[in-house]
Amino acid sequence: MAAASPTKKDRSSTLRAFLVELALYAVFVTGYFFLVLHFLSDWLQDLHLYHVKLYALAAILLIIGQAVLLENVTTWLLRFLRGGRSE
Amino acid sequence: MFFPISNSHISPVYLAVIGFFIGVLGGFFGVGGSFIAGPALRAVGLDWNFAVGTDLAHIVGKSVVAAKRHRALGNVDLKLGLIMAIGTMGGAEVGAQLIQMLKRAGNVNFVVSIVSIAIYVSISSFMIWEAWRTLQYQKKRRPRAKVPVIVTKDDESSFSHRTAAIQRLKLWPMISLPASGVKAISLWIIILVSFIGGLFSGFLGGGAGYIRMPMLVYVLGIPTHLAVGTDLFEIIISASYGTFSHAIKGNVDILIALVMNTGGAIGAQIGAISTQYFTGPKIRLAFVPLPLIGAAIVIYTLMTGHKL
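Residues numbered from 1 in each chain as written. Chains lettered and ligands numbered in written order. Predicted model: local features only at pLDDT ≥ 70, side-chain atom pairs only at ≥ 80, totals over all residues. Heavy atoms only, no water.

## Here's the deal with the side chain of B:Asp55
Residue and element names in this part refer to chain B. Just so we agree on the cut-off: Each helix is a run of DSSP H or I of at least 4 residues and each strand a run of E of at least 2, with the numbering of both proceeding from the N terminus. Think of it in three bands: with a 1.4 Å probe and only protein chains considered, a residue is buried below 20% of the maximum accessible area for its type, exposed above 50%, and partly exposed in between. In this charge count, Lys and Arg are treated as positive and Asp and Glu as negative; neither His nor the chain ends contribute. We define a salt bridge as a side-chain nitrogen of Lys or Arg found within 4 Å of a carboxyl oxygen belonging to Asp or Glu. Here, two residues are considered to be in contact whenever any of their heavy atoms come within 4.5 Å of each other.
Along the polypeptide, Asp55 turns up in helix α3 (residues 48-72). Despite being buried, Asp55 has no salt bridge partner; Lys62 is the closest side chain of opposite charge, sitting 7.5 Å away. Ignoring any residue separated from it by four or fewer positions in sequence, one finds Asp55 in contact with Ser34, Ala37, Gly38, Leu41 and Phe50.

See below:
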């Protein structure tokens, strides 16, 4: 029975860390929507209408760049909230 | 939120939540998830052409996150992924040409629908049979222990004798895949597997992970965890190519894809980390409903005439 309690403790701390991570991530993403996407929208629309090849290139670079950034942010959040352990 | 490129109003929360669910599926199973993303984008009024192109762009972002996480867990065979990307792009082009030929013949919808239903059901049936048999075999060999079993990436499959026979085929040039534990396999078999995956991607749409991931396991003999990670790495290259091609045709609203990816980034990490807690046969067994969902969507489209 003694072995079961640390597992339960671990599980609840993992769940708590995950929920805190989600909350922090949601705040970050909301700011991201309003700041970055707001500024990009007109520029991307112009590219889509008048420079379609440049738009295609920008689309690829943006989606990969954002993915790398978000992966780093989520990894950092996980490490930060779990005291150096990523998973 | 207004998206000026596609001239549509869609809730960013809806997009992030859809991205999250597809991210979990993608990270866990190594699939693109276009069978969910396409209908989900159509459901909020996005035009079909934008739904297809935007979905591909979102797949790139989600796959970057999931593949990075799988790479950190040692689940990506870069050499195999790069070789497969070549075959996939070639196959996708041939698949797209095949669609054009059928369009000219006037029976594209019916042929594509029947072929896809047959393939989806066959994959699911085969995987449920194989994974179930492997799990039963493992259960008989290792009676239930009181100590929890450590999940390893060493994979077992009831189909492994056939896989070994495929690996023994001496079609020059033979290459080794040390990261996947494959000592020697013909380059042509890898190209053929990726070409078939690409062919289905071009023919049926989406990333065709539902056919490529099982082929990586059963034909090439790649352990399931590595098949998931390598498939995601390969999807980055092939979906980037597809995104570029669709963006030039004006079919990508990158702003929608970026918003979807905010949810996808966290979902993909959860999915990728979760694979560490399951053995190969269990991941394969859990994979079974995915092609069936694809088949159900095609049957619905065929019966009602409404494309989801």
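## Section: the pattern of salt bridges
Opposite charge on two side chains allows them to pair when their charged atoms are near. Counting across every chain of the model gives four salt bridges over all chains. For B:Lys68, the salt bridge identified is with A:Glu71, shortest N-O distance 3.1 Å. Residue B:Lys68 is found in helix α3, and its partner A:Glu71 is found in helix α2 (residues 52-81); the two belong to separate chains. Assessed through its relative accessible area of 32%, B:Lys68 is described here as partly exposed. What you see here is one network of salt bridges that share partners, running through B:Arg212, B:Asp231 and B:Glu234.

## Considering the interface of chain B and chain A
Going by this rule: Two parts lose some accessible area (1.4 Å probe) when they are put together, and adding that loss for both gives the buried area. Polar contacts, as counted here, are pairs of nitrogen or oxygen atoms within 3.5 Å of one another; within protein the pair requires one atom able to donate a hydrogen and one able to accept it, and residues that are adjacent in sequence qualify only if both atoms are side-chain atoms. As a working rule, the residues Ala, Val, Leu, Ile, Met, Phe, Trp, Tyr, Cys and Pro are called nonpolar, Asp, Glu, Lys and Arg charged, and the rest polar, with Gly in that last group.
Taken residue by residue, the interface counts 33 residues in chain B and 33 residues in chain A. On the chain B side of the contact with chain A, B:Leu258, B:Thr262 and B:Ile266 bury the most area, a combined 20% of that side's loss. Scanning the region where chain B abuts chain A turns up one salt bridge. Where chain B packs against chain A, one counts seven residue pairs in polar contact (both at pLDDT 80 or more). Listed by contribution, the elements that provide at least two residues to the side of chain B that touches chain A are α3, α9 (224-248) and α10 (254-274) of chain B. Ranked by the residues each element gives to the side of chain B that touches chain A, the list is headed by α10(B), at 12 residues. Tallied by class, residues from the side of chain B that touches chain A come to 23 nonpolar, seven polar and three charged.

## Observations regarding the packing of aromatic side chains
Residue and element names in this part refer to chain B. Keep this limit in mind: Two rings from Phe, Tyr or Trp (for Trp, the six-membered ring) form a pair when their centres sit within 6.5 Å of each other. Planes less than 30 degrees apart are called stacked, planes more than 60 degrees apart edge-to-face, and all others tilted.
Across all of its chains, the model carries six aromatic pairs over all chains by this definition. Seen from their ring centres, Phe29 and Phe287 are 5.7 Å apart, and the 70 degrees between their planes marks the pair as edge-to-face. With Phe29 in helix α1 (residues 12-29) and Phe287 in helix α11 (residues 280-287), this pair connects stretches of sequence that are 258 residues apart. Among the residues examined, Phe287 registers a relative accessible area of 0% and is labelled buried. Three or more aromatic residues joined by ring pairs form one cluster here, namely Phe28, Phe29, Phe278 and Phe287.

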